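# Descriptive structure summary
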Amino acid sequence: MIHLTLRSFVLSATLVLVQLFSTPAVFAQDDATGLPTAEELKAAAEAAAANQELTEEQRTRLADVYSRTQSQLTRATEARDKAASYQKALKQAAGEAKSIRAALETDLAVAESASYEVPDQIGLEEAEQKIQAERSTLTNLEDSASRIAASLKAEADRPEQLRNELSENQALMERLKAQSVDTANASASRIRAEKWLLAAQLEAAEAGNAKLEAEQLSRPMRMDLLRARQDRIAFDLRLQREKIKAYEQQMLSVRQDEARRALDETASMQESVANAHPALQILAQDNTLVSAEVTARTAALEELKQQEDLATETALRFETDLENIKRKLAVLGMSEALGRVLREQQLRLPNPLYGRADVSRRDKLISEASLKQLRYEDERRALQSLSGYVDERLAEVDPVEAAEIRDDMIELARSRRQLVGDAIDVETTYLRALGDLDFAIRRVETSARSYRDFISERLLWIRSAPAISLDRLKPLPKEIIELLSPVHWWNVVREVPAALLGSVLFPVLLLVFAILLRYHKRLLGMLEKTSSDVGSVARDAYRVTMEGLLLTVLLAATWPLLMATLGLALDAVDFDGRMERSVGFALHRTATYFFGLELLRYLLVSEGLVRRHFRWTEQSVKRIASKVWQLEVIFIPMVFVAIVANRSTPQEGVSVLTSIALIIGLVALSRFFMQTPGVAQGELKYLIAMRSAQRQSLLARLFRWFMTALPLALVVCILLGYTHTATQFLASLVGTLALFTGLL
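Values in this document were obtained by computation on a predicted structure and should not be read as measured data.

A tally of helices and strands in the protein chain yields 25 helices and 0 strands. Burial status across the protein chain gives 41% buried among its 744 residues. Taking as baseline every contact in the protein chain between residues at least 6 positions apart, the subset at least 24 positions apart corresponds to 82%. Of the roughly 41,700 Å² that the protein chain leaves accessible, carbon and sulfur atoms contribute 57%.

Our next topic: the pattern of salt bridges. What the rule picks out here adds up to 35 salt bridges. For Asp-236, the salt bridge is made with Arg-232, and the minimal N-O distance between the two is 2.9 Å. Of this pair, Asp-236 and Arg-232 both sit in helix α6 (residues 188–272), 4 residues apart, which is roughly one turn of the helix. The partner of Asp-438 in a salt bridge is Arg-442, and the shortest N-O contact between them spans 2.7 Å. Here Asp-438 and its partner Arg-442 are both found in helix α11 (residues 399–459), 4 residues apart, which amounts to about one turn of the helix. When its relative accessible area of 38% is taken as the criterion, Arg-442 is described as partly exposed. Several salt bridges share partner residues, and in doing so they unite Arg-135, Glu-248, Lys-305, Glu-308, Asp-309 and Asp-436 into one network.

This part is about the packing of aromatic side chains. Here the structure, examined in full by the defined rule, presents 6 aromatic pairs. Between Phe-513 and Trp-559, the ring centres sit 5.2 Å apart and the planes meet at 65°, which makes this aromatic pair edge-to-face. With Phe-513 in helix α16 (residues 505–518) and Trp-559 in helix α18 (residues 542–571), the pair connects residues that are 46 residues apart, well separated along the chain. On the basis of relative accessibility, which here comes to 10%, the residue Phe-513 falls in the buried class. Overall, Trp-559 belongs to the partly exposed group, its relative accessible area being 41%. Between Phe-672 and Phe-673, the aromatic rings sit 5.6 Å apart at their centres with planes inclined by 65°, giving edge-to-face as the arrangement. Exposure remark for Phe-672: the relative accessible area of 3% places this residue in the buried category. Using a relative accessible area of 2% as the deciding quantity, one classes Phe-673 as buried.

Put simply, helix α21 (residues 618–648) and helix α22 (residues 656–675) touch, their axes get as near as 8 Å, and they point 160° apart. If you check the angle between α21 and α22, you find them roughly antiparallel. For the element pair α21 and α22, the recorded crossing hand is left-handed. For the pair α21 and α22, the contacting residues are Lys-627, Val-628, Gln-630, Leu-631, Ile-634, Phe-635, Met-638, Val-641, Ala-642, Ala-645 and Asn-646 in the first and Leu-657, Thr-658, Ala-661, Leu-662, Ile-664, Gly-665, Ala-668, Leu-669, Arg-671, Phe-672 and Gln-675 in the second. Of the residues in the contact of α21 with α22, the class split is 15 nonpolar, 5 polar and 2 charged.

Once that is clear, we can look at α22. Spacing of three or four residues puts side chains on the same side of an α-helix, whose turn is 3.6 residues. Given a rise of 1.5 Å per residue, 20 residues ought to cover 28 Å, and the 29 Å separating the end C-alpha atoms of α22 matches this to within 8%. For α22, the tally of buried residues reaches 15 of 20 residues, placing the bulk of the element in the interior.

This brings us to a nonpolar patch on the surface. A cluster of nonpolar side chains, Trp-629, Val-633, Ile-634 and Ile-664, forms an exposed patch at the surface whose accessible area comes to about 350 Å². If you trace the backbone, Trp-629 turns up in helix α21. Under the relative-accessibility criterion, Trp-629 is labelled partly exposed at 47%.

With that settled, the discussion passes to the nonpolar core. Core analysis: the largest hydrophobic core is formed by 71 residues, its most contacted members being Leu-570, Val-583, Leu-604, Leu-631, Phe-635, Leu-669 and Leu-730. The leading source of residues in this core is α21, at 15 residues. Formed by 54 residues, the second largest nonpolar core is a distinct cluster that contains Ala-279, Ala-369, Ala-402 and Ala-433.

A separate point is the packing of helix α14 (residues 486–493) against helix α19 (residues 578–603). Following both chains from N to C, one finds α14 and α19 inclined at 55°, their axes separated by 9 Å at the closest point. Taken together, α14 and α19 sit at an angle that is classed as oblique. As for how α14 packs across α19, the hand of that crossing is right-handed. Each of His-488, Trp-489, Asn-491 and Val-492 in α14 lies in contact with α19, whose residues at this interface are Met-579, Glu-580 and Val-583.

Here we come to the confidence of the model for the protein chain. Residues with a pLDDT of 70 or more make up 85% of the protein chain, whose mean pLDDT is 80. Across the protein chain, α16 holds the top mean pLDDT of 90, while helix α1 (residues 2–22) sits lowest at 37. In the predicted structure, residues 1–32 sits below a pLDDT of 50 and forms 19 contacts with residues beyond four places in sequence or in another chain. Below pLDDT 50 for its whole length, residues 678–684 participates in 17 contacts with residues either more than four positions away or in separate chains.

Spanning 85 residues, α6 covers only 110 Å between terminal C-alpha atoms, well under the ideal 126 Å at 1.5 Å per step. The sharpest bend along α6 comes to roughly 50°, located at Arg-219, with the proline Pro-220 sitting one to four residues further on.

Procedures and definitions
- Residues numbered from 1 in each chain as written.
- Predicted model: local features only at pLDDT ≥ 70, side-chain atom pairs only at ≥ 80, totals over all residues.
- Heavy atoms only, no water.
- Helix = DSSP H or I, 4+ residues; strand = E, 2+ residues; numbered from the N terminus.
- Buried < 20%, exposed > 50% of the residue type's maximum accessible area, 1.4 Å probe, protein only.
- Contact = heavy atoms within 4.5 Å.
- Areas by Shrake-Rupley, 256 points an atom, 1.4 Å probe, with all protein chains shown as cover.
- Salt bridge = Lys/Arg side-chain N within 4 Å of Asp/Glu carboxyl O.
- Phe/Tyr/Trp six-rings, centres within 6.5 Å; stacked < 30°, edge-to-face > 60°.
- Axes fitted to C-alpha atoms, helices over the stretch in contact; angles between N-to-C directions.
- Parallel < 35°, antiparallel > 145°, perpendicular 65-115°, else oblique.
- Left-handed = near helix turned anticlockwise from the far one by under 90°.
- Nonpolar A, V, L, I, M, F, W, Y, C, P; charged D, E, K, R; others polar.
- Expected span 1.5 Å × (residues − 1).
- Patch = residues over 30% accessible without salt bridge, like charges linked within 9 Å, V, L, I, M, F, W, Y side chains within 5 Å.
- Core = buried A, V, L, I, M, F, W, Y, C linked by side-chain atoms within 4.5 Å.
- pLDDT = per-residue confidence, 0-100.
- Bend = angle between axes of the 7 residues up to and from the residue.

Shown next as structure tokens:
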């Protein structure tokens, strides 16, 4: 019995020792709930992984708990560090911002009294190296400015996020404090791990709460510091651009001086050989031509640089204005007064169509310069051997005469080699200047597009004018008289010739218009010819219909092409008066609507596509064609008047003449949609049944009344003062009319 008792005691002690040594020392106190150190957590994880008494699932679960605990501890440490940085900013940011502004005031005073000066003796190569280095510095400054702007934007949106995060974090802390570890049927190691995890989660939540509170307290000081740094960066950017501009101007000045000096030398040399052998005269003359080309290129470089500077300033102004508007909207919110300001800004934005013409012109200049550079490169390779070059030029000269002038020819060839090298350098610089200008102009287009889109989105549901009333109709006679003033129209007409010659594109478009007008009757005859092939077993094919469609497009494009050409040409003229400046824009914008209606009208000619190819009845074609003509003679002039009047008086909001013209045009459009379904045939008949039909489908009635009521709804918008909203929906409605044309 004693032996049995002793054996049981030994066995129990052994099991206790096994349990004791299979569990790390950190588990000596099961009721401890403090945070573990990194060493304790690592030791516990290693012991759990090595404990063979635990199942694979238990070891995996413990490893996951320890990993989550470590993650929470890391998160708490990071939050504490971030809170410390916010506390530091709370104490030091105001003083740092004050120091930055004080230094900035001193630098501003110095900058106002003096400008950056480039050493006079700097050479081309050194100036080029300095420009590249300064541009690299400029890029770094621009990156810093972008980061500061992004930080300011993030901070501006942060208050509401902070409030939400604080509320969520405090709720989490309350849940964690109320939470307890389930000890039922759990091992000591599992209980300790869960307690550590709970403590780590609470620590992370408390650290996060401290970080959010410190961020909230320090936010005004940090934003003030960011604004001070932004002002500093803006000043440094301005100085850096001025420095680069000074170096570029100096380099350009040196190039021009060298080009003029080379031109004088070659001209003098040409005069010195005026009575010499013709071969010498020809080579000297060729050298003078190269010098003249280099001189012309250096002059063109100055013009390109001025255009690039203007484009860069314009892009910066658009970007700055957009940011200012965004800040105002964030603080003040949208209002009718701010809407009028935005509309004024929208009207001042450049026309995106000009960018396309400029791109085409710059591409042509780049191609020409590249070809010229290749020609110079070929000649420089030939000039590597002066003797061979001279021998080639003297190949047809009498050998005796060639021997007499050979030394002079070699001297001229040596001079030409230097000139060709200078020409290659200038062409390279010219190509780079064209690339820089292209980048600057594309930046203007991008910033203007962003500005325009931003404004359009905000103006859609903002009243752009007072509601129509008797008082508002009082200025109408004055606006009509202003529109019909012969002085304004004469100012426009007398600029037409010069405007049309302002670009190579416009004479080409006029030539196309003249050809279309000259062969108008022949095109109509060809269209009738395609109609006669319809139904013929031998000649009918899909190709016939496609030819008819192409001829219809050419016929419809004749007069809209002239309108668009005149509009684009006049829109490029810098008129003094608002009314004159608006005519060109109105012409090329109205040309789009004009072409759509002309296309619909020519589709409905007596022997056209709709009549012959789609087999509408002659009566239906005539009736709907008359409706299109009635719409055209009302809608197109009203759109033109509305655009001219709208752009002529931007400072007063939307003019009453604009509203009245739009109302008349929309009523005409509504009347067109109301009457057209009554004569529809072909495919359209299946979509919208004829009004005379006894059983009219629901789809047909909905389509007809929707297209009739929508213009009238836009009229109501205009009467209430939402003219901008109406114009945006009108553009969509015209797109629907284009679809309507396709259905016909």
